[in-house]
Every structure is written in C-alpha cells, then in structure tokens.
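Overview (structure and organization)
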Amino acid sequence: IMQFMARFFTNLMRKYLPDPLVFAIGLTLLTVVMAMVFKGQSLFAMTEAWGKGFWSLLAFTTQMATMLATGYVLAKAPLVDKAINAIVSSIKSPKAAVAAATIVGGVTAYLNWGFGLIVGVLFARKLAQKIDGVHYPLIIASAYSTFSLYSIGLSGTIPILIATKGHFLEKTMGVVPLSQTSFSIPILLMGVAILITVPIMNVMLMPKNKEDIIELDRNLYKETATKVAADPNEVTIAEKINNSYILNFLIGIMGLGYVAFYFASGKPTDLNIINLTMLFLGLLFMGSPIQYIAALNEGAKALTGIILQYPFYAGIMAIMGSSGLVTTFAQGFVDISTKETLPFWGLVSSFVINFFAPSAGGHWVIQGPFMMEAAKALNADAGKTAMAVMLGNGWNDLVQPFWLLPTLAISGLKLSDIMGYTVINMLWTGVIMCVGVLIWGYM
C-alpha cells in the first residue's frame, strides 16, 4: 500500500504540480476571485490591498534569506562539517539514513523552527552524499516531514504569544501558560506519536526496485575547498589581512558575547538572534574573512526562490485580511462547532487558511480574535482552541511551498520531486493531530 501511495502521489505531483512561483501566482489570482465572489469585493479594491501588502514581509524575507545563507556557511565550516561527518559515519544503510534524517529534522524543528528548517536538510544531503543507495528525493522529504513539530515546540508562535503578559488578546482570553498548551500531556503525546511513526512510514516509502532509486549526483555537491590562497610571488598586506584568522576570532567572540548576554537577560529567541548566532559562529569556525566570503557566495546561489516568491504570499495575506475571507472561512467551521469540537474545527479551519496566510504570527492576528470570541461564546477552552490553530498551521506547512522553499534551495530539487512524499506525511500527521485534538476537546 505504501509503495502504491508513494508512486501515485509522486507521479501526480510530477505531472501536475507547477513551479512554486507559478503556484504563488495562481494562488494570488484565486484569492482575488474568491474575495470578489464570496465577499463582494471589487477588483480595484483587492488589487490595491495586494499592492499595499506586497512588501509587508520584506523584513521576514531578509531574515529567511540571511538564515539560509549563514546556516549554509556554518554547515560548511570545518569543525561543524567534521561533527556532521562523525554522525553520518555511524549510519550505514539507506533505511537508517532515511529514519535518521526524519528524526534529526523533527528534533531540530522542535527546538527551533528556523534551526530545524536548515539543519535537517543539510544533514539529509550529507547522508545522501556518503551512503550508497539512498533515494535522494525521499531523504530530503523525510528531513522536512516532521517540520510540523515546531508548532508544539519551543518556538511555536501562538502558544508563546498567549503565554506572554500584554498580548493583544489578553482581555478576551487572559494569559494561558505553556503547561496548558505546548507542554500539556495530550500535545506531548501527539509529538511523540509523530516522531515515532513518521520515520517508520518514511522507511516504508523507500523504492523497492533499484531502478527507481534516484541517488544524489555527488559531483554536484562535492566537497570544495573554500580557502582562497594568496599569490606566493606577491603577498600584499591586504592579502595577509584577508587570510588572517585573528579578525574572525575577535569579531566572532564579540558577536557570541552579545548572544550570551542576550539570553542571560531572559529575552526570547527570534530570527534575528538565530541569524546573529549562526553568522558569528560561522566566522569563528572559518579560517579567515576571505574563506567566509567564498562559502557565503556558494550559499547565496540558493536565495532566488525566497527573494522572489515571499512577497507574493505577503500580497495574498493582505487580500485575505482586507477582504474578510478569513472570517468567512472560520465562521463556517464555528457554525457547526460545539464547546467540545471547537478546537477540532479550529484545527481544520487553520489548515485551510494557512494555504493563503502561511505565517503563524500573521495568521493568528487575522484568525485569533474571531476564534477567541467563538470560544468565549461557546464556553470552550481558549488554550485548547488557540493551540489547535497553531497545530493546523504546522500541519499545513508540510505541503506549503512557502516553507518548502529553503528545503528546495539547499537540496537543488524541484517541488514536484518531494511533494508526493510530503503529501503522504501530511495525511498521516493530520490523522494524529485530528484524532488527538478531538479527544483533547472532550477531556
């Protein structure tokens, strides 16, 4: 059955799934049409909202591009590369490689979604480089297949937000501690179920026939030296400085000193501090400034998709918010909800809305007020309902090109190469989340 599903969805995606940019353009046009049909909005009004919101994620786009580039360089640093190689050397078979990539992707995503988004795929690519017989599209998809664990992890946006005093919905729902959301027993059990079953499922998806296995072209990502040597016949002062480790060491220690002070002050983890950490760790671990630049140039080649496509999703989110489509979607699910089932329908509605608003923070700003008013009216548990919205967000991300772009950039694969596998992962993860949230609602 698993082999049939893998072939079916893989072939389906390869035949009909367009490039992520085409997908984003199509989704933009679809959102405009829905706003006109269901909300009576004019084409001019929606075009205006789209244009105004198009660059609203510019800061986030820059953060993601920086994270991808600095994460790439950090992984290329000799010390980190040796550490990854040491782990990889203990894994001998393709099955173990697929399972390991799935677990590493999930654990790192749980710790921090930004960290997991980069490390898991880089680890999977390294496994594909070192181990014969690894089906490259599957192991890359496997590294991403447990990314949804970030939604219940240490960087889940919504549970962290509502656990903070002064959040914008405090008057409606109060402050909800993490012990009632991310760290509640039902949510932790869901996470364990995903982390145990998804690696097994990914191993079962491995092609049985050798001719169906697509291995990584090792010449494509062969290890290249990043050291830039000076001309031995004419070593200038500038070349000596460029190849000196002293500058890297001094600025690296300074940067990491700030990071230590930041966390010692009790400040929250965000993308800026993650990027700062990866940047200065990379400088510290690289041999010289010129070596860092050489490695950074390699990593920068993968940024095209993020820079080009993220603004389109910002525009889509603007249309969704200004037209009231989010309220319409959510209202339809709330109308059939009871006190016990509101979290479940919150999960499902969040899954749908996340196609059009794939950012948990922006998603919550749009959907959160309506869901909390519904929870208040039905006397439903606000913490469970909010957590369900977060879970729906993470569930949908398994098939959301917005979040798959860094994975595609690092792996060099097309969306259609891995989407067949992530669809299967999404279906199974959905079963776990839907059953878990439905039971939780009656507890």
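Refer to the preceding data block for the structure.
The text that follows walks through the structure, step by step, so that each part is easy to find. (Residues numbered from 1 in each chain as written. Predicted model: local features only at pLDDT ≥ 70, side-chain atom pairs only at ≥ 80, totals over all residues. Heavy atoms only, no water.)

Considerations on the environment of Y72
Put simply, the test is: Put simply, DSSP marks the helices as runs of H or I at least four residues long and the strands as runs of E at least two long, and each gets a number from the N terminus on. The classification of residues rests on relative accessible area computed with a 1.4 Å probe and restricted to protein chains. Under 20% of the type maximum is buried, over 50% is exposed, and intermediate values are partly exposed. Every residue pair with non-hydrogen atoms within 4.5 Å of one another is taken to be in contact. Polar contact is the term for a pair of N or O atoms within 3.5 Å; when the atoms are in protein, one must be able to donate a hydrogen and the other to accept it, and sequence-neighboring residues count only if both atoms are side-chain atoms.
You can see Y72 is positioned in helix α4 (residues 58–76). For Y72, a relative accessible area of 13% gives the class buried. Placed 368 residues apart in sequence, Y72 and W440 show a C-alpha to C-alpha distance of 40 Å. Dropping the residues within four chain positions of it, Y72 is found in contact with L122, R125, A295, E298 and G299. Polar contacts involving the side chain of Y72 include one to the side chain of E298, which spans 3.1 Å.

Section: the packing of helix α3 (residues 43–53) against helix α16 (residues 304–323)
Selection criterion: To get an axis, fit a line to the C-alpha atoms, keeping to the stretch in contact for a helix; angles then go from 0 to 180 degrees between the N-to-C directions. Working rule for angles: under 35 degrees goes down as roughly parallel, over 145 as roughly antiparallel, 65 to 115 as roughly perpendicular, anything else as oblique. Each crossing is labelled by how the near helix is turned from the far one, with a counterclockwise turn of less than a right angle marking it left-handed and a clockwise turn marking it right-handed. In this classification, Asp, Glu, Lys and Arg are treated as charged, Ala, Val, Leu, Ile, Met, Phe, Trp, Tyr, Cys and Pro as nonpolar, and every other residue, Gly included, as polar.
Running from amino to carboxyl end, α3 crosses α16 at an angle of 130°, the nearest separation of the two axes being 7 Å. For the element pair α3 / α16, the angle class is oblique. For the element pair α3 and α16, the recorded crossing hand is right-handed. Counting all contacts with α3, which are made through M46, A49, W50 and G53, the residues of α16 involved are A314, G315, I316, A318, I319, S322 and S323. A class-by-class count of the residues in the contact of α3 with α16 yields 7 nonpolar, 4 polar and no charged.

Here's the deal with empty space enclosed by the protein
Where we set the bar: Using only the protein atoms, space was sampled on a 1 Å grid; points where a 1.4 Å probe fits but cannot get out form cavities, open sets with protein on both sides within 12 Å along at least five of seven lines form pockets, and lining residues are those with an atom within 4 Å of a point. Grid points are joined across faces, edges and corners, and a volume is the space filled by probe spheres set on the points.
Applying the stated criterion across every chain yields a total of 1 cavity of 30 Å³ or more. Put simply, the largest cavity is a space of about 40 Å³. Lining of the largest cavity is provided by G105, A109, G116, L117, V121, A143, Y144, F147 and T407. Of all the elements in the fold, those that place two or more residues in the lining of the largest cavity are α6 (94–111), α7 (113–130) and α8 (136–145). The element best represented in the lining of the largest cavity is α7, accounting for 3 residues.

Side note on the packing of α7 against α8
When two helices pack together, their arrangement is captured by the angle between the axes and the distance separating the axes. Where α7 contacts α8, the axes come no closer than 8 Å and their chain directions differ by 155°. Considering their axes alone, α7 and α8 lie roughly antiparallel with respect to each other. Read as a crossing pair, α7 and α8 show a hand that is right-handed. On the side of α7, the interface is formed by L117, G120, V121, A124, R125, L127 and A128, while α8 contributes Y136, I139, I140, A143 and Y144. Classifying every residue of the contact of α7 with α8 by side-chain character gives 10 nonpolar, 1 polar and 1 charged.

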